[in-house]
Amino acid sequence: MKLGLETETYHLLFQNGRMDIFDFIRKTAEHGLDGVMINVIAYPGDKYLHPKWGALGGAEPDHLERVRKEIEKYGLYAEIDARGTEPDHLSEVIEVAHKIGADVIRTYCCPGKYDKKLLEQAPNNIIKVVPLLKKYRIKLAVENHEEEIADEIIQIVNEVNSYWVGAHFDFGNSMMAWEDPVEAARKLAPYTYTTHFKDHIIIEAEDGYKVCGVPAGQGNIDLDEIFKIMVEHSPLTRINIEMCYPYVAKFKREKGTGGVSKVGEGAFKVENPPLDRHAIEPENYYYPPEELIEELIEKQIQGAEQSIKHAKELRDKYSR
């Protein structure tokens, strides 16, 4: 099993101009990992990221060629993280993936909130790009991205009914849809083409309970069991580490949607926030105030090292 690293693991460094895509590729190789997963999504607060292509830094031909050569220099595999299922957009992402040598693309259907209509549109949208996926031998993986439960992802994959389209399993995102991560893993494993390896806790914020990212091994998700499930029941040959720390997310579905109706046990056990609430409220973790940026960047770097170490330990325990 190969291990890769997603750019979101260092989101504070990217956001504050401390890292670009070339720094990230080199850092991934220094960690002794096997591949990079590049997020091509940008948000209004990402002042140092490309407004359209996020951490990739642009899509000009010469830039993409440099990125490809840097990836090849270190013998890494490449994947891309995108969003949405609109055919023209996905076609553009597929072309970019081909140019940097990426052979898997993650996408998701509901940017920010659950939208039944977008889920219903997804299969027909994705079917339209299957010929391009075939042409370039690239797989598309639909993620359980906070808003969707496993059964909804499986339905999309089954409706598309193509070898080139499968699922992306995120180790923690099912929690935002009130679905236990281990149960989601059992359902999605046979369909899974790529992953986000991460850990979560539940915290109580000013406006209610939230899902909070922490370094892998420091949360309440049963990462050991999920890793084992992925090894034994999925076609995966790679696990991608996406540490979401510091980070919080709201619940996106009604209680009970994914089978869990309350917090308090297992992955949904309530813990204290990982950062001092007198200094920063959880809703400010992703875009912290200027006076805390240096401290949180250092915590993110340490958290990345811990997450990589934990992923390697599980890889060595269950596969090689």
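Keep in mind the model is a prediction, meaning the values are calculated, not measured.

Draft legend 1. Summary view of the overall build of the protein chain. When helices and strands are counted, the protein chain shows 10 helices and 11 strands. For the protein chain, with 320 residues in total, the buried portion stands at 58%. Across the protein chain, every contact between residues at least 6 apart in sequence was considered, and the portion connecting residues at least 24 apart equals 78%. Here the protein chain has roughly 13,400 Å² of accessible surface; of this, 45% comes from carbon and sulfur atoms.

Draft legend 2. Fine view of the pairing of strand 3 (residues 77-81). When you tally the buried positions in strand 3, you get 5 out of 5 residues, the bulk of the element. What you see with strand 3 is no split at all: Tyr77, Glu79 and Asp81 on one side and Ala78 and Ile80 on the other are buried throughout. Strand direction decides the pairing type here: strand 2 (residues 35-39) and strand 3, joined by 5 bridges, are parallel. Across the sheet, residue Val36 finds its bridge partner in strand 3, namely Ala78. Sheet topology note: the strand 3/strand 4 (residues 104-107) ladder contains 3 bridges and is parallel.

Draft legend 3. Seen up close, the environment of Ala216. Looking at the secondary structure, you find Ala216 in the loop between strand 9 (208-214) and helix 9 (223-233). A residue is classified by how much of its surface remains accessible, and Ala216, at 1% relative accessible area, is buried. In contact with Ala216, not counting residues within four places along its chain, are Phe197, Asp199, Leu223, Gln306, Ser307 and His310.

Draft legend 4. Structural view of the environment of Ile138. Residue position: Ile138 is located in the loop between helix 6 (130-136) and strand 5 (139-143). For the pair formed by Ile138 and Val260, sequence separation is 122 residues and the distance between their alpha carbons is 35 Å. What Ile138 contacts, discounting residues up to four positions off in sequence, is Ile94, Ala97, His98, Ala102, Asp103, Val104, Ile105, Leu133 and Trp164.

Draft legend 5. Molecular detail of helix 4 (residues 87-100). When the terminal C-alpha atoms of helix 4 are compared, their 20 Å separation across 14 residues agrees well with the 20 Å that a helix rising 1.5 Å per residue should span. Restricting attention to buried positions, one finds in helix 4 the residues Pro87, Leu90, Val93, Ile94, Val96, Ala97 and Ile100. The opening residue of helix 4, the one whose side-chain oxygen lies 3.0 Å from the backbone nitrogen of Asp88, is Glu86.

Draft legend 6. Examining the packing of helix 8 (residues 181-188) against helix 9 more closely. As a packed pair, helix 8 and helix 9 sit with axes 9 Å apart at the nearest point and diverge in direction by 0°. Looking at the two axes, helix 8 sits roughly parallel to helix 9. Facing Pro181, Val182, Ala185 and Arg186 of helix 8, the residues of helix 9 in contact are Glu225, Ile226, Ile229 and Met230. In terms of residue class, the contact of helix 8 with helix 9 is built from 6 nonpolar, no polar and 2 charged.

Draft legend 7. Highlighting the sheet that holds strand 10 (residues 238-241). Spatially, 8 strands are ordered 7-6-5-4-3-2-1-10 in an open sheet, and the strand pairing comes out parallel. Of all the strands in the sheet, just strand 7 (192-196) and strand 10 have a single pairing partner and so form its edges. The sheet shows a mean angle of 30° between the axes of neighbouring strands, taken without regard to direction. Sheet analysis places strand 5 next to strand 6 (residues 165-170), joined by 4 bridges and oriented parallel. Residue Ala141 lies in a different strand from strand 6, and its bridge partner there is Gly166. Strands strand 6 and strand 7 of the sheet are contacted by helix 8, whose axis makes an angle of about 160° with strand 6.

Draft legend 8. Fine view of the pattern of salt bridges. All chains considered together, the criterion is met by 25 salt bridges. The closest approach of N and O atoms between Asp23 and Arg26, which form a salt bridge, is 2.9 Å. In this pair, Asp23 and Arg26 both sit in helix 2 (residues 21-30), 3 residues apart, roughly one turn of the helix. By relative accessible area, Arg26 is classed as partly exposed at 30%. Between Glu72 and Arg68 there is a salt bridge, with the nearest N and O atoms lying 3.1 Å from each other. Highlighted residues: Glu72 and Arg68, both in helix 3 (residues 61-73), separated by 4 residues, approximately one helical turn. Sharing partners across several salt bridges, the network here consists of Asp23, Arg26 and Glu70.

Draft legend 9. A look at the sheet that holds strand 11 (residues 247-249). Judged by pairing direction, the sheet is antiparallel, and its 3 strands sit side by side in the order 8-9-11 without closing on themselves. Of all the strands in the sheet, the pair left with one neighbour each is strand 8 (199-205) and strand 11. Ignoring strand direction, the axes of neighbouring strands in this sheet form an average angle of 35°. Pairing geometry for strand 8 and strand 9, over 7 bridges, is antiparallel. Paired with His200 across the strands is Gly213, a residue of strand 9.

The rules we used
- Residues numbered from 1 in each chain as written.
- Predicted model: local features only at pLDDT ≥ 70, side-chain atom pairs only at ≥ 80, totals over all residues.
- Heavy atoms only, no water.
- Helix = DSSP H or I, 4+ residues; strand = E, 2+ residues; numbered from the N terminus.
- Buried < 20%, exposed > 50% of the residue type's maximum accessible area, 1.4 Å probe, protein only.
- Contact = heavy atoms within 4.5 Å.
- Areas by Shrake-Rupley, 256 points an atom, 1.4 Å probe, with all protein chains shown as cover.
- Pairing = 2+ DSSP bridges.
- Expected span 1.5 Å × (residues − 1).
- Polar contact = N/O pair within 3.5 Å; in protein donor to acceptor, adjacent residues only side chain to side chain.
- Axes fitted to C-alpha atoms, helices over the stretch in contact; angles between N-to-C directions.
- Parallel < 35°, antiparallel > 145°, perpendicular 65-115°, else oblique.
- Nonpolar A, V, L, I, M, F, W, Y, C, P; charged D, E, K, R; others polar.
- Salt bridge = Lys/Arg side-chain N within 4 Å of Asp/Glu carboxyl O.

In short, geometric facts, not functional conclusions.
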